[in-house]
Amino acid sequence: MSTHNQGTELDLSWISKIQVNHPAVLRRAGQIQARRPVKKEWQAAWLLKAVTFIDLTTLSGDDTSCNVQRLCYKAKYPIREDLLKALNMHDKGITTAAVCVYPARVCDAVKALKAVGCDIPVASVATGFPAGQTHLKTRLEEIRLAVEDGATEIDVVISRTLVLTGQWEALYGEIRQFRKACGEAHLKTILATGELGSLTNVYKASMIAMMAGSDFIKTSTGKETVNATFPVAIVMLRAIRDFFWKTGNKVGFKPAGGIRSAKDSLAWLSLVKEELGDEWLKPELFRIGASTLLSDIERQIYHHVTGRYAAYHDLPMS
């Protein structure tokens, strides 16, 4: 991943001027959803590219070392070898961008990736995921423990209360402490946009997170009622663009929650390409948080290669 976003001083004058044009955002979102997807070999190429952006995720109460091991194997070998050979892509080293697990499973993931000879990052959620309703001291310690266990990316959740009550200085201060606790690990800040009340709050929270030193801003935990949506994404992407224009710092974007189909992934790639340009279409600046998306992408690749859809037993589990 690229170098860290060092952040900036808190600029409340910038925050106070922000007002999002809600109807305009909805119109733009409608344009993206109405777009016809690419077909045939172009679709296959974009789907393979989408694989390289996936943070392959398992965040369940019944996670064990065994299913984390299986997740890591799938991250190393995301598409069946014979399908990649048919596309002449078997020697390109295609893997997912990272695996994402709970803090208690980080050691399992590090060990499993090492066993299959894969050096992709292990990302850990932290800071009282998904609600963030624990004491600050506990949240900071959770980050430190995950880093000690080998996580090189930390997906933190913010306190939604601070956003809803307009406590921007307190939010900035907390995320600065998260940044410090991460050390050399990269900080991905989850905004939980479905619980922030308005698109204006989404923009303000995005900007505060970037000012405080977040390397990525992420839409959702995947546990909220409303997760990654195009209107929210447009607002976050415009915030990233504004921050880059003002500071020269590139911050990554990660939608997560509810992205399950190959068609969905193509729409997300298209949106990022149009809003931020090709330079953001790399794993250092764009990720997709997903647990079931990879299965559908592999299914569509199988259909492209063979002309028929795979039976359940044709593709390995992810």
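Let us look at the structure shown here.

Reading the values: rules and limits
- Residues numbered from 1 in each chain as written.
- Predicted model: local features only at pLDDT ≥ 70, side-chain atom pairs only at ≥ 80, totals over all residues.
- Heavy atoms only, no water.
- 1 Å grid on protein atoms, 1.4 Å probe; cavity = no way out; pocket = protein on both sides within 12 Å on 5 of 7 lines; lining within 4 Å.
- Points joined across faces, edges and corners; volume = space filled by probe spheres on them.
- Helix = DSSP H or I, 4+ residues; strand = E, 2+ residues; numbered from the N terminus.
- Nonpolar A, V, L, I, M, F, W, Y, C, P; charged D, E, K, R; others polar.
- Core = buried A, V, L, I, M, F, W, Y, C linked by side-chain atoms within 4.5 Å.
- Buried < 20%, exposed > 50% of the residue type's maximum accessible area, 1.4 Å probe, protein only.
- Contact = heavy atoms within 4.5 Å.
- Expected span 1.5 Å × (residues − 1).

Let us now look at the layout of surface pockets. The computed volume of the second largest pocket comes to approximately 380 Å³. The wall of the second largest pocket is formed by 16 residues, among which Arg 35, Pro 37, Leu 266, Ala 267 and Ser 270 lie closest to the centre. Take the lining of the second largest pocket: its biggest share by element is eight residues, from helix H12 (residues 262-276). Of the residues that constitute the lining of the second largest pocket, the class distribution is eight nonpolar, two polar and six charged.

This brings us to the nonpolar core. In this structure, Val 99, Ile 154, Met 207, Phe 253, Trp 268, Phe 286 and Ile 297 are the most contacted members of the largest nonpolar core, which totals 99 residues. When residues of this core are assigned to their parent elements, the largest contribution, 10 residues, is made by helix H11 (residues 230-247). Not counting residues within four places of it along the chain, the set of residues in contact with Trp 268 comprises Ala 228, Thr 229, Phe 230, Ala 233, Phe 253, Pro 255, Ile 259 and Phe 286. In this structure, Leu 59, Cys 100, Ala 123 and Ile 190 belong to the second largest nonpolar core, which totals seven residues.

Time to look at unusual backbone geometry. In the segment running from Phe 129 into Pro 130, the intervening peptide bond is cis, with an omega of 0°. If you trace the backbone, Pro 130 turns up in the loop between strand E3 (122-126) and helix H7 (136-148). Positive phi values are uncommon outside glycine, yet Asn 88 reaches one of about 60°. With respect to the helices and strands, the residue Asn 88 is situated in the loop between helix H5 (81-86) and strand E2 (98-101).

Our focus in this paragraph is H12. For H12, with 15 residues, the first-to-last C-alpha span of 21 Å sits near the 21 Å given by 1.5 Å per residue. Looking at H12, one finds that the buried residues are Ala 262, Ser 265, Leu 266, Ala 267, Trp 268, Leu 269, Leu 271, Val 272, Glu 275 and Leu 276. If you follow the buried residues of H12, they end up packed against helix H2 (22-34), helix H3 (40-51), H11, strand E7 (252-254), strand E8 (288-290) and helix H13 (293-306). Remark: Gly 277 follows H12 within two positions and exhibits a positive phi of approximately 95°.

These figures come from the coordinates and say nothing about function on their own.
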